[in-house]
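A look at the structure
Listed below are the residues making up each chain.
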Amino acid sequence: MPQLDTQTSTPQATPDHRSVLTQRRDELFARVEPKGKRVYTALERAETFVDPGTFVPMTPLRKAGSTGGSGVVTGWGLTSGHPVVVISHDAAVGAGAIGAVFAEAVMRAQRLAIDKGYPIVYNNDSGGARIHDGIHALHGCGGIFALNVEASHKVPQISLILGPCAGAAAYSPALTDWTIMVKDQAQMFLTGPAIVKAATGEDASADDIGGSRLHTTVSGVAHLEVPSEDAALDAARTLLSFLPAHIGGAPKLVEPRPADAAAVERLPFVVPDKSSVVFDMNEVLDAVLDDGERLELMPNHAPSVLTTFGHLDGRPVAVVANQPQARGGILDAKASVKISRFVDFCSKFGLPILTFVDVPGFLPGTVEEGRGVITQGATMLRAYVEASSPVLTVVVRKAYGGAYIAMGARSLGADFTWAWSGSEIAVMGPGGAVALLHRRALKEAEDPAALRDELAAEYRENVARPYLAAEAGIVDDVILPEETRGRMVDALQMLAHESAG
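First, a word on what this report is: a plain description of the structure on this page. (Residues numbered from 1 in each chain as written. Predicted model: local features only at pLDDT ≥ 70, side-chain atom pairs only at ≥ 80, totals over all residues. Heavy atoms only, no water.)

With respect to the side chain of T74
Defined as follows: Labels follow the DSSP assignment, with helices taken as runs of H or I lasting at least four residues and strands as runs of E lasting at least two, numbered in each case from the N terminus. Only heavy atoms enter the contact rule, under which two residues are in contact if any of them lie within 4.5 Å.
Along the chain, T74 falls in strand β2 (residues 72-79). Beyond its immediate chain neighbours, meaning those up to four positions away, T74 contacts F55, V56, P57, M58, T59, V86, I87, A105, V106 and A109.

Have a look at this one:
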């Protein structure tokens with residue numbers, strides 16, 4: 001306590017600690033107007049992401065040098081009342097370069113999230129390792145990567161790319177679960193345009209090398225392209241709303257809602273009888289899932305399959321589905337990786353996996369074989385076999401060959417499987433089967449086309465219809481489209497009760 005002057009009974013002069021603290025905070029937290037297309041500062045990104053007034057910074061006075069802060073804002077807050085750790089690169093301090101102090105701050109936040117079981121959201125905006133820190137910067141980057149990997153076995157990690165993410169800074173997002181990029185603002189690359197030009201002579205822009213279109217459409221490095229920073233923050237919040245806080249955590253149940261009434265009424269007529277006629281699988285999902293928010297990841301990459309989050313009877317679920325509107329719903333190397341990654345993630349966090357099948361097979365040809373479609377297809381098999389969360393599969397129209405197995409078949413461990421009454425399950429489609437089985441008869445026929453159609457219809461009814469599979473116990477039942485939601489709800493209720501017990 002301050003010493004009193006006995007003559008005046010007033011405190012002696014002491015340093016004004018309040019004003020010193022205020023001055024230091026003002027210096028470090030002074031708003032620097034974001035450059036380029038950026039909207040928010042690092043602190044504003046963190047505060048905007050969480051529920052209003054809940055962000056608590058960690059080590060906010062930490063400095064990497066005589067001026068400026070550490071180059072990163074770290075802390076925790078709440079999203080819809082659930083704890084989350086936020087790590088936000090500060091592009092106003094050395095272009096967000098990762099130095100030793102920066103890395104220490106990030107690793108402390110990662111350690112908190114891992115130990116407490118809180119999701120981590122990374123707001124990435126960094127030019128890479130801080131050159132002035134040399135090996136210490138590289139050592140710090142390695143430490144961040146190591147904790148990315150450790151965290152992947154404990155909690156969800158989401159990376160938002162809100163500016164350049166170059167060099168060493170690009171590896172951390174690639175080690176997290178999901179990456180969201182802002183269109184015309186975000187880039188991810190190991191080497192920038194100048195180095196690429198010097199090394200290869202290629203004249204390419206930052207967007208050409210690592211823009212959001214490239215990574216969400218071609219490479220698959222990122223999983224969602226959004227138009228703005230606010231949209232990126234919204235998407236991350238939505239994604240977290242489907243996930244438990246940590247592996248083994250309680251699911252975030254919501255109030256059950258019936259499926260869209262109009263979609264339910266249309267459902268018996270959505271799928272065309274002819275297997276080559278396209279339709280939108282989302283119309284099936286509209287009639288089965290709760291009428292509420294859904295989030296599709298990787299919509300522009302390998303679009304012949306859908307990977308979507310939604311709710312069924314109030315329970316968060318993961319949906320894998322063929323999309324006949326895109327290349328007939330066929331599987332290829334990229335689609336296989338997309339599905340296996342999604343199934344692995346959802347199984348890890350206990351989300352039931354609902355698989356809707358309308359697949360003609362794997363895409364044949366030298367290009368796909370060169371892309372390793374055998375190995376990538378095998379990753380799908382492994383993902384479904386190793387899935388520890390409930391797996392429910394329904395054959396909507398057709399399921400041929402190895403693709404039938406890969407799409408969550410009973411033989412891979414699906415808990416329940418069904419087939420719609422008009423569906424087909426076979427080693428190959430009727431046309432191909434007839435061409436092989438009746439080659440001589442077709443060659444000698446006066447009207448080969450008519451005979452082929454006749455034999456194909458016979459094969460379809462006698463071999464491919466799902467009743468053979470149901471009689472053999474390979475599918476649990478043959479059902480009508482409008483019965484799908486009820487069967488899945490009943491199955492999940494039973495499996496959830498079994499798990500709780």
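The structure having been displayed, the exposition proceeds.
Thoughts on the environment of K334
We count it as follows: Counted as a polar contact is a pair of N or O atoms within 3.5 Å, where, for protein atoms, one must be capable of donating a hydrogen and the other of accepting one, and residues adjacent in sequence contribute only when both atoms are in side chains.
Residue position: K334 is located in helix α12 (residues 333-348). As a C-alpha pair, K334 and A302 span 32 residues in sequence and 5.8 Å in three-dimensional space. Contacts of K334, omitting those with residues within four sequence positions, involve V218, H301 and A302. At 3.0 Å, the side chain of K334 and the backbone oxygen of V218 are in polar contact.

Details of empty space enclosed by the protein
Put simply, the rule reads: Using a grid of 1 Å spacing that covers the protein atoms alone, one calls a set of points a cavity when a 1.4 Å probe fits there but cannot get out, and a pocket when the set is open and has protein on both sides within 12 Å along at least five of seven lines; lining residues are those with an atom within 4 Å of a point. Grid points are joined across faces, edges and corners, and a volume is the space filled by probe spheres set on the points. The nonpolar class holds Ala, Val, Leu, Ile, Met, Phe, Trp, Tyr, Cys and Pro. Asp, Glu, Lys and Arg form the charged class, and all remaining residues, Gly among them, are polar.
Per the stated rule, a full pass over the model turns up two cavities of 30 Å³ or more. Counted as a void, the largest cavity has a volume near 70 Å³. As for the largest cavity, its lining consists of I87, H89, I98, F102, V106, Y122, N124, I144, F145, A169 and S172. Where the lining of the largest cavity is concerned, the elements lending two or more residues are β3 (82-89), α3 (100-116), β4 (120-126) and α4 (135-151). A per-class count over the lining of the largest cavity returns eight nonpolar, three polar and no charged. Lining of the second largest cavity is provided by V357, T393, V395, Y404, M407, A409, R410, T417, W418, I474 and V475.

Some words on the pattern of salt bridges
A side chain with one charge may pair with a side chain of the opposite charge, provided their charged atoms come close. Using the following cut-off: In what follows, salt bridge is the name for a side-chain nitrogen of Lys or Arg lying within 4 Å of a carboxyl oxygen of Asp or Glu. Accessibility here uses a 1.4 Å probe with only protein chains present; expressed as a share of the type maximum, an area under 20% marks a residue as buried, one over 50% as exposed, and anything in between as partly exposed.
Tallying each qualifying case throughout the model produces 20 salt bridges. The salt bridge partner of E150 is R111, with a shortest N-O separation of 2.9 Å. Note that E150 is positioned in helix α4 and R111 in helix α3, a separation of 39 residues in sequence. Given the relative accessible area of 28%, E150 is considered partly exposed.

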